[in-house]
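# Topology and contacts: notes
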Number of protein chains: 2
Amino acid sequence: MKQSSLFIKTRKQAPADEVSKNARLLIRAGFIHKEAAGVYSYLPLGLRVLERINTIIREEMAGLGAEEAAFTTLQNPETWKKSGRWELPVWFKTALNDGGELGLGWTHEEAVTALMKNHVSSYKDLPRKIFQIHTKFRNEERAKSGLLRGREFLMKDLYSFHTTEEDLDAFYEKAKEAYRQIFERVGIGGETHVTLSSGGDFSPYSHEFQTLSPAGEDTIYLSREKNIAINQEIYTEKTRASLGLSSDELTEETAIEVGNIFKLGTRFSAPLGLMYKDAKGESQPVIMGSYGIGPGRIMGTIAELFSDERGLVWPEAVAPFSVHLLRIGNTDAVIETADALYRHIAEKGERVLFDDREDASAGEKFADSDLFGIPLRLVVSEKSLSAGGIEVKKRNENESRVIPESELPAFVKGESA
Amino acid sequence: MKQSSLFIKTRKQAPADEVSKNARLLIRAGFIHKEAAGVYSYLPLGLRVLERINTIIREEMAGLGAEEAAFTTLQNPETWKKSGRWELPVWFKTALNDGGELGLGWTHEEAVTALMKNHVSSYKDLPRKIFQIHTKFRNEERAKSGLLRGREFLMKDLYSFHTTEEDLDAFYEKAKEAYRQIFERVGIGGETHVTLSSGGDFSPYSHEFQTLSPAGEDTIYLSREKNIAINQEIYTEKTRASLGLSSDELTEETAIEVGNIFKLGTRFSAPLGLMYKDAKGESQPVIMGSYGIGPGRIMGTIAELFSDERGLVWPEAVAPFSVHLLRIGNTDAVIETADALYRHIAEKGERVLFDDREDASAGEKFADSDLFGIPLRLVVSEKSLSAGGIEVKKRNENESRVIPESELPAFVKGESA
């Protein structure tokens, strides 16, 4: 894509009321736009990052045998009164002109449990797994963390339905592993720790995925050595003892909750009446699990972890483009070389952004490139041509060097490589 | 995909309160689920159809040079008060717990105009085109037409920004042609007519795309011969005269509005202050157009147009699968032949659903297949094997025939063909 026709322009300043690092950087780079506190539009470059993350999530969900659906935002109160969650303050509520209250979905356990009643009758219909990547709404009091805590935000929510606890347990472990893969693949695996959190009636613990960052709102107690962490909310002498841990092997850390998985048991199937007939013909409540992850929150977390004073530093797997090609100067040689290089890279199927702007200075182009954070920067200029080729610099390294065009394939492999 | 693990089951009956043909069929087939009047979840097969339609739309938007974004549902009243549209009854409104009213976006002209102020300053920044495929909310009094009129529904909305009317006019014609292509490609081109509708201050007419169907809520006056139609709302002697038409060459038709395009001019840029500096350095309001299309409404329209008493009849381009392979009977020969055929077709990249269920009768399998409406049905049974091969039947034809396996490639080409 040519930058001269790019929809957005970068900004020197973020809005004065925006305090979070991730939102300030992403707004300045033109990746997102702030509509209201905790409410952000995704502009073309931001949507590209989000879709890269979503694609990774979808691949891991397919590996779990989960099918994709899209549930609704507008929710019927009757469904939620059965579980006792209609009165929670988290709801945004609204009303029909012709009478009748509705809520805006902030999660979908009740909705998916209710609709499954049409599709499950026998043990032969189980197990089933369904997920969506869908916008959720939460009436948060605090919304000052940019993409880390939204009032409107994207969520991948997966629900699983089983006949036995053993089947749930086995699937839960597979889902945990799929989550690990997701965080690894988007580039935050090293900083992300499985963390024990509060469970519920059905299970003593749930599991969160917590990414270490000073921008986080959670406190966890981590043993790197034993690869285990405990959320502050359940951090007691008793919890430690049950896990065979002493307080001096745990360090207090600030972290961002990027995912959570939860054994629901019959918490929703019982009150909503989602039953199946077992092999003996007896009616049993379906056993459920739910598994959440926030693609936008992941994007914000990556911006917090991988950025510097000059801008964003995207890991290759989620970058909006792989290559940022800059044309500096307007001599015939520069224009011809850069244009030919752009066509060549694009033809190879590489995701390349070409800064072909004629009215932007070299300084503006370099500043925008650092702000965008595309992993590999190529510069064609009089200077690079005199030095024998194309200047190459990775965004996460400080040194640039000039290489002859013949060596480029080692850097620019294309999608097929 | 194997039908034995498919998330949904078909239903013999649609909900008693569902009156529209498209929703009754799609609910029975397990493509959608009714949450409330005008509010439908998309289940896996339905989401597949929707995504096929979205892919076609995205390709045509790319052809127009439009970039994709995702605006927000929650809308700030201040933005909409400037255009005077905050008081319309179409809004679903909601409120923050800590004070402050918000609306749920039912269109996005104001939102996109406001955010463009950060990205447009000079004539050099124009033209620009941006679109999204995003959920909209409308507080409709009537919501009895299934996917044809939702309170919550998907919409592709494209916005264009220009310096001159001529530039808008030229783009508007390109967009009109892209819309024609979309309706042609999804299979309703023959029944869909460009229809003049009310314009506004800036332009005498807007254009709707109206698909002839008794399920429609609009009345149009159509000349097939001259390939022109007029919406009832502007159908006057004066309109007819201005178009050189007489009433006896027009027939009254019932139709579904599947898309509309509109020259906005400065209707939103002026009150919201979206200005650019022209070549002389003078400040001018940006000239805009907007272009809407409903992917879910298209899906509902296709269900209305292409269905019979036995179920849905999807055009190939939007079908959830291309091939429905049915295994009838449990003899070794049938199982081996069907399983091998399934692997073979899937390996070729064809989108195949394999009814491998062991506990479903032949009658149930045939009934489900007709209900799903996948274009090509293949049956492997003792009967077909005795007759020399595989039974082949197209969903939109009545006759089936048995062909030897060697002739299958002519029917099952795979994605690469």
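Residues numbered from 1 in each chain as written. Chains lettered and ligands numbered in written order. Predicted model: local features only at pLDDT ≥ 70, side-chain atom pairs only at ≥ 80, totals over all residues. Heavy atoms only, no water.

## Brief notes about the overall build of chain A
Looking only at helices and strands, chain A has 11 helices and 23 strands in total. Along the first, second and third principal axes, the C-alpha set of chain A runs to 80 × 60 × 45 Å. Evaluated residue by residue, chain A yields a buried proportion of 58% over its 417 residues. In chain A, once contacts between residues fewer than 6 apart in sequence are set aside, the share between residues at least 24 apart is 67%. Counting only carbon and sulfur atoms, one obtains 47% of the accessible surface of chain A, whose full area is about 16,700 Å². (Helix = DSSP H or I, 4+ residues; strand = E, 2+ residues; numbered from the N terminus. Buried < 20%, exposed > 50% of the residue type's maximum accessible area, 1.4 Å probe, protein only. Contact = heavy atoms within 4.5 Å. Areas by Shrake-Rupley, 256 points an atom, 1.4 Å probe, with all protein chains shown as cover.)

## Here we look at the sheet that holds strand S23 (residues 400-403) of chain A
Residue and element names in this part refer to chain A. Sheet architecture is open: 5 strands sit in the order S20-S19-S21-S22-S23, paired in mixed fashion. At either margin of the open sheet sits one strand with a lone partner, and together these are strand S20 (352-355) and S23. Here the strands of the sheet are splayed against their neighbours by 25 degrees on average, with no regard to which way each runs. In terms of strand pairing, strand S22 (residues 390-394) meets S23 through 4 bridges, oriented antiparallel. (Pairing = 2+ DSSP bridges. Axes fitted to C-alpha atoms, helices over the stretch in contact; angles between N-to-C directions.)

## Some details on the interface of chain B and chain A
The partner chain A presents 56 residues to the 55 residues of chain B that form the contact. A per-residue breakdown of the area chain B buries against chain A is headed by Phe7, Glu67 and His119 of chain B, which together make up 15% of the total. At the junction of chain B and chain A, the tally comes to 4 salt bridges. Between Asp98 of chain B and Arg151 of chain A there is a salt bridge; the shortest N-O distance is 3.4 Å. Where chain B meets chain A, there are 28 residue pairs in polar contact (both at pLDDT 80 or more). Class assignment of the residues belonging to the side of chain B that touches chain A gives a composition of 26 nonpolar, 14 polar and 15 charged. (Buried area = accessible area lost by both parts, 1.4 Å probe. Salt bridge = Lys/Arg side-chain N within 4 Å of Asp/Glu carboxyl O. Polar contact = N/O pair within 3.5 Å; in protein donor to acceptor, adjacent residues only side chain to side chain. Nonpolar A, V, L, I, M, F, W, Y, C, P; charged D, E, K, R; others polar.)

## Examining the packing of aromatic side chains
Each aromatic ring pair is characterised by the separation of its centres together with the angle its planes make. Evaluated as defined, the whole model comprises 28 aromatic pairs over all chains. Ring centres of Trp86 of chain A and Trp91 of chain A lie 4.8 Å apart, and the angle between their planes is 55 degrees; on these two criteria the pair is classed as tilted. In this structure, Trp86 of chain A and Trp91 of chain A share a single accessibility class: buried. Centre to centre, the rings of Phe31 of chain B and Trp314 of chain B are 5.7 Å apart; their planes meet at 20 degrees, and the pair counts as stacked. With Phe31 of chain B in the loop between helix H1 (21-28) and strand S1 (32-36) and Trp314 of chain B in the loop between strand S18 (311-312) and strand S19 (323-327), the pair connects residues that are 283 residues apart, well separated along the chain. With a relative accessible area of 0%, Phe31 of chain B lands in the buried category. Grouping aromatic residues by their ring pairs yields a cluster made of Trp80, Trp86, Trp91 and Trp106 of chain A. For the cation-ring pair, Lys93 of chain A lies above Trp86 of chain A, with the distance from its terminal atom to the ring centre recorded as 4.0 Å. The ring of Phe268 of chain B carries Arg267 of chain B above its face, with NZ or CZ at 4.7 Å from the centroid. (Phe/Tyr/Trp six-rings, centres within 6.5 Å; stacked < 30°, edge-to-face > 60°. Lys NZ or Arg CZ within 6 Å of the ring centre and 35° of its normal.)

## Points about the domain arrangement of chain A
All names here are of chain A. According to the domain assignment, chain A consists of domain 1 (3-308) and domain 2 (321-416). Residue-level contacts link 14 residues of domain 1 with 12 residues of domain 2. Summed over the three residues of domain 1 that lose the most area to domain 2, namely Gln3, Thr10 and Arg52, the buried surface amounts to 48% of that side. Our count for the contact surface shared by domain 1 and domain 2 stands at 6 residue pairs in polar contact (both at pLDDT 80 or more). Elements supplying a minimum of two residues to the side of domain 1 that touches domain 2: helix H1 (21-28) and helix H2 (44-63). (Domains from an automatic or database assignment.)

## A short note on helix H4 (residues 109-116) of chain B
Among the 8 residues that make up H4 of chain B, 7 are buried, leaving the element largely enclosed by the rest of the structure. All of the buried residues in H4 of chain B are Glu109, Glu110, Ala111, Val112, Thr113, Leu115 and Met116 of chain B.

## Side note on the pattern of salt bridges
Residues and elements named next belong to chain B. Enumeration over the complete set of coordinates arrives at 64 salt bridges over all chains. Among the ionic pairs, Arg185 bridges to Glu59, the shortest N-O distance being 2.4 Å. Remark: Glu59 occurs in helix H2 (residues 44-63) and Arg185 occurs in helix H5 (residues 165-186); sequence separation between them is 126 residues. Residue Arg185 is classed as partly exposed on the basis of its relative accessible area of 30%. Judged by relative accessible area, which is 43%, Glu59 ranks as partly exposed.

## Quick look at the relation of the copies chain B and chain A
When chain B is fitted onto chain A, the two copies agree to an RMSD of 0.0 Å after a turn of 180 degrees and an axial shift of 0.0 Å. What the rotation and shift describe, once combined, is the action of a two-fold rotation axis. Minimal C-alpha distance to the rotation axis in chain B is attained by Thr94 of chain B, lying at 2.6 Å. Here 100% of the contact residues of chain B are again contact residues in chain A; the copies associate through an equivalent surface. (Least-squares fit on C-alpha atoms with pLDDT ≥ 70 in both.)

## Considerations on the pairing of strand S16 (residues 287-293) of chain B
Residues and elements named next belong to chain B. The element S16 is extensively covered by neighbouring structure, given that 7 of its 7 residues are classed as buried. What you see with S16 is no split at all: Ile287, Gly289, Tyr291 and Ile293 on one side and Met288, Ser290 and Gly292 on the other are buried throughout. Bridge analysis of strand S8 (residues 152-162) against S16 gives 7 bridges, and the strand direction is antiparallel. Pairing of Phe161 across the sheet is with Met288, part of S16. Strand direction decides the pairing type here: strand S13 (residues 251-265) and S16, joined by 6 bridges, are antiparallel. Across the sheet, the residue bridging to Gly265 is Met288, located in S16.

## Overview of the confidence of the model for chain A
Mean pLDDT over chain A stands at 95; residues scoring 70 or higher make up 99%. Interface scoring of the predicted complex returns ipTM 0.95; its pTM is 0.96. (pLDDT = per-residue confidence, 0-100.)

## Here's the deal with the packing of H2 of chain A against helix H5 (residues 165-186) of chain A
How two helices pack is summed up by the angle between their axes together with the distance between the axes. All names here are of chain A. In the contact formed by H2 and H5, the axes pass within 10 Å of each other and the chain directions differ by 150 degrees. Compared by their axis directions, H2 and H5 come out roughly antiparallel. Pair H2 / H5 crosses with right-handed handedness. Mapping the contact onto sequence places Ile53, Ile56, Ile57, Glu59, Glu60 and Met61 in H2 and Ala178, Tyr179, Gln181, Ile182, Arg185 and Val186 in H5. Each residue belonging to the contact of H2 with H5 can be placed in one class, and the counts come to 8 nonpolar, 1 polar and 3 charged. (Parallel < 35°, antiparallel > 145°, perpendicular 65-115°, else oblique. Left-handed = near helix turned anticlockwise from the far one by under 90°.)

## Notes on unusual backbone geometry
Residues and elements named next belong to chain A. Note that the residue after Leu126, namely Pro127, is joined by a cis bond; omega there is 0 degrees. The topology assignment puts Pro127 in the loop between helix H4 (109-116) and strand S7 (128-137). Positive phi is not limited to glycine here, since Asn227 has a value of about 55 degrees. Residue classification places Asn227 among the exposed positions, given a relative accessible area of 52%.

## Notes on the sheet that holds strand S4 (residues 74-75) of chain B
Residue and element names in this part refer to chain B. The sheet built from 3 strands is open, its strands ordered S4-S6-S5 with antiparallel pairing. Pairing within the sheet leaves two strands with one partner each, and these edge strands are S4 and strand S5 (92-95). Both S5 and strand S6 (residues 101-104) contribute to a ladder of 4 bridges, which runs antiparallel. Its bridge partner being in S6, Phe92 is matched across the sheet by Leu104.

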